[in-house]
Amino acid sequence: SIHSPASANPSGACLIANNLSDVADAATARDNIAANKMALVCRVTNLVGAGGAVYRAVSPVAGQIKKLQSILEGAALATGDATITASINGTPITGGAVTITQVGSAPGNIDSAAPSALNTVADGDAIELTVSGTNDAAAAFAEVTIYIEY
């Protein structure tokens, strides 16, 4: 709530804003204001499954990958689905595969995955995104957002 200085503090002194000091620990305070979350965006420029292209990014923080989201760009998928599987230093993330479905696909479609295990990343770890599936539309690509909580 907003208080006028006269009603909240009769002496006219400045009031101290709530600095979350009432929260039990710093991690909880950061979580309350989403200061412990970051998004890493990677462009996957080729969704053709036959090539098995791998795209990499370096994790800038230690934490857990909590969500992966893709947005389809360029063109619809032509023949089949495209799957983007995330891994950390070569180890696949459990629940870390995003499937972009060919049927009804169009630029702007959003798909997601919710990793459930093997999703802990250290600062400096390699995060890989491997393309598979039966899609053969070379004009289709995706922006993949990796959500890390630390």
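Please read these numbers as outputs of a predicted model, since none were measured by experiment.

## Section: the sheet that holds strand β8 (residues 126–133)
The antiparallel open sheet is built from four strands, whose spatial order is β2-β8-β4-β5. The open sheet has two free edges, formed respectively by β2 (54–58) and β5 (91–100), since each of these has just one partner strand. Averaged over all adjacent pairs, the angle separating strand axes in this sheet is 20°, with direction ignored. Pairing of strand β4 (residues 82–88) with β5, which is carried by six bridges, proceeds in the antiparallel orientation. Bridge pairing links T83 to T99 in β5.

## Here we look at the pairing of strand β9 (residues 141–149)
Pairing geometry for strand β1 (residues 37–44) and β9, over eight bridges, is antiparallel. Directly across from V44, in β9, lies its bridge partner A142. Of the pairings in the sheet, the one linking strand β3 (residues 63–73) to β9 comprises nine bridges and is antiparallel in character. Counterpart to S70 in the pairing with β9 is V144.

## Focus: the environment of L47
As for its position among the elements, L47 is in the loop between β1 and β2. With 88 residues separating them along the chain, L47 and N135 place their C-alpha atoms 6.8 Å apart.

## Observations regarding the confidence of the model for the protein chain
Averaged over the protein chain, the pLDDT score is 88; the fraction of residues at 70 or greater is 85%. Ignoring residues within four places in sequence, the model shows residues 1–10, a span with pLDDT below 50, making six contacts including any to other chains. Predicted confidence for residues 12–16 stays below pLDDT 50, and this span has three contacts to residues more than four positions away or in other chains.

## Re the pattern of salt bridges
Overall, the coordinates contain one salt bridge when judged by the stated rule. E143 serves as the salt-bridge partner of R43, at 2.6 Å between the closest nitrogen and oxygen. On the criterion of sequence distance, the pair formed by R43 in strand β1 and E143 in strand β9 is long-range, its members being 100 residues apart. Under the relative-accessibility criterion, R43 is labelled partly exposed at 48%.

Definitions and limits used
- Residues numbered from 1 in each chain as written.
- Predicted model: local features only at pLDDT ≥ 70, side-chain atom pairs only at ≥ 80, totals over all residues.
- Heavy atoms only, no water.
- Pairing = 2+ DSSP bridges.
- Helix = DSSP H or I, 4+ residues; strand = E, 2+ residues; numbered from the N terminus.
- Axes fitted to C-alpha atoms, helices over the stretch in contact; angles between N-to-C directions.
- pLDDT = per-residue confidence, 0-100.
- Contact = heavy atoms within 4.5 Å.
- Salt bridge = Lys/Arg side-chain N within 4 Å of Asp/Glu carboxyl O.
- Buried < 20%, exposed > 50% of the residue type's maximum accessible area, 1.4 Å probe, protein only.

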